[in-house]
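Structural features, examined
Each chain, written out:
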Amino acid sequence: MSKFVGFIKDWMLPIAIATGICTYLLLHFVPSLSVSAEPAFSRVAKNLQPVLVAVMLFLQFNKISPHDLRFRRWHIWLLLFQAVMFVVPALICTNIPHGNIRILVECAMLCFVCPTAAAAGVITDKLGGSLSDTVTYVVLINVLAAFIIPLVIPVVHPSADISFWSSFFAICKRVFPLLVFPLLVAWLIRYTIRPLQIFLMRYSHWAFYIWGITLCLSIYLATKALINSGIPVWFAFLIGLVSLACCLIQFIVGRKAGGKHDSITAGQALGQKNSGFLIWLGFSFMTPVTSVAGGLYSIWQNLVNSMELYQQRHGK
């Protein structure tokens, strides 16, 4: 039994990725399932995913006190990096005619500005990084994204009927409740029902397994977005290369910015993205095909996470 548990811990993320992809392909390409089962399961996956993320964050936030949230120097460098890597490609886009090259540049700028996944702390904690520093950066980058994205998108798509405040509140509505509500509930329990908070802390490790289920659903929805995008295989391959490059660059830059003591935390904070937000952002405000980059980025970042978890568990 212990060997089986160890195997699951080592290969949780690859198993979740493979399961998510295979489940959608099965439901999509089997005629008897594509009519009834696929639409129903897609609705369940879409509605269940944010609930699982909220539960997962709640379990993690029980370990964090408000006094644990501190501002680090590397937070500034990562925020500047994400801002610059969003603004510069946006300015480049203004000088590129609409076409495949422009779409690839848009994919890159979305991959760089996308906020850190709210669940990034789960993997960071498993790797021995700082959960509280990761949560601090998640809050900071979501605030930055909420302001910078509505300012820059009209430059790339000036014909889009988007006001700053409508975009700002749309982003806040999508991101903040998922992040803030579990945090406030966890802190309310900490300061009002302390025995319950101590009890819940004993089950904080369950967050990793909930993350595995959440990832499976995320990859399922990403596969659906890719299959239904209708783009040629060769162009999907190019988007995959762009998203892979953006993923590796951000993990590397994050680790370098974090230095010797915070390399794991900063690497995860910059490299692990809220791919669901990326997909929504591309489809809602940019050239819709750019949403494919979010699904592919999700695969790349979790392959990196799988490798890191395997190396950490086996002391490599």
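About the cut-offs
Residues numbered from 1 in each chain as written. Predicted model: local features only at pLDDT ≥ 70, side-chain atom pairs only at ≥ 80, totals over all residues. Heavy atoms only, no water. Helix = DSSP H or I, 4+ residues; strand = E, 2+ residues; numbered from the N terminus. Rg over C-alpha atoms; globule rule 2.2 N^0.38 Å. Buried < 20%, exposed > 50% of the residue type's maximum accessible area, 1.4 Å probe, protein only. Contact = heavy atoms within 4.5 Å. Axes fitted to C-alpha atoms, helices over the stretch in contact; angles between N-to-C directions. Parallel < 35°, antiparallel > 145°, perpendicular 65-115°, else oblique. Left-handed = near helix turned anticlockwise from the far one by under 90°. Phe/Tyr/Trp six-rings, centres within 6.5 Å; stacked < 30°, edge-to-face > 60°. Patch = residues over 30% accessible without salt bridge, like charges linked within 9 Å, V, L, I, M, F, W, Y side chains within 5 Å. Areas by Shrake-Rupley, 256 points an atom, 1.4 Å probe, with all protein chains shown as cover. Salt bridge = Lys/Arg side-chain N within 4 Å of Asp/Glu carboxyl O. Core = buried A, V, L, I, M, F, W, Y, C linked by side-chain atoms within 4.5 Å. Polar contact = N/O pair within 3.5 Å; in protein donor to acceptor, adjacent residues only side chain to side chain.

Per the secondary structure count, the protein includes 13 helices and zero strands. Ordered by position from N to C terminus, the α and β elements of the protein give α-α-α-α-α-α-α-α-α-α-α-α-α. On C-alpha atoms alone, the protein measures out to a radius of gyration of 19 Å, which is about the 20 Å that the 2.2 N^0.38 rule sets for 316 residues. Counting across all 316 residues of the protein, residues that qualify as buried make up 51%. Summarising the internal contacts of the protein: among those between residues at least 6 apart in sequence, 82% fall at separations of at least 24.

Angle between the axes and distance between the axes are the two parameters that describe a pair of packed helices. Where helix 7 (residues 131-156) contacts helix 11 (residues 233-271), the axes come no closer than 10 Å and their chain directions differ by 30 degrees. Judged on the interaxial angle alone, helix 11 and helix 7 are roughly parallel. Helix-helix and strand crossings are classified by hand; for helix 7 and helix 11 the assignment is right-handed. For the pair helix 7 and helix 11, contact is made by D133, T134 and Y137 and by D262, T265, A269 and L270, respectively.

Scanning the model with the defined rule gives five aromatic pairs in all. Their ring planes at 65 degrees and their centres at 5.5 Å tell us that W234 and F235 sit as a pair that is edge-to-face. Taking relative accessible area as the criterion, F235 reaches 4% and is therefore assigned buried. Clustering of aromatic rings is evident, with ring pairs tying together Y24, F41 and Y220.

Our focus in this paragraph is a nonpolar patch on the surface. Taken together, the side chains of V44, L48, V51 and V55 make up a nonpolar region of the molecular surface, amounting to roughly 300 Å² of accessible area. With respect to the helices, strands and loops of the structure, V55 is situated in helix 3 (residues 37-61). The partly exposed category is assigned to V55, whose relative accessible area is 37%.

The subject of this paragraph is the nonpolar core. Ranked by internal contacts, the top residues of the largest apolar core, which has 51 residues, are M109, Y137, I149, I239 and L281. Where this core is concerned, the elements lending two or more residues are helix 4 (73-93), helix 5 (100-113), helix 7, helix 11, helix 12 (275-285) and helix 13 (291-313). In contact with Y137, other than residues within four places in its own chain, are W74, H75, L78, L79, Q82, T116, A269 and L270.

Turning next to the side chain of Q272. Tracing the sequence through the fold places Q272 in the loop between helix 11 and helix 12. Note on Q272: relative accessible area 0%, which makes it buried. At 2.9 Å, the side chain of Q272 forms a polar contact with the side chain of Q268. When neighbours within four sequence positions are excluded, Q272 is seen to be in contact with P115, T116, A117, A119, A120, I123, W211, F251, G267, Q301 and N305.

A few words on the side chain of R190. Position of R190 among the secondary structure elements: in helix 8 (residues 164-192). At 3.1 Å, the side chain of R190 and the backbone oxygen of N62 are in polar contact. If sequence neighbours within four positions are ignored, R190 has contacts with N62, K63, I64, S65, P66 and Q197.

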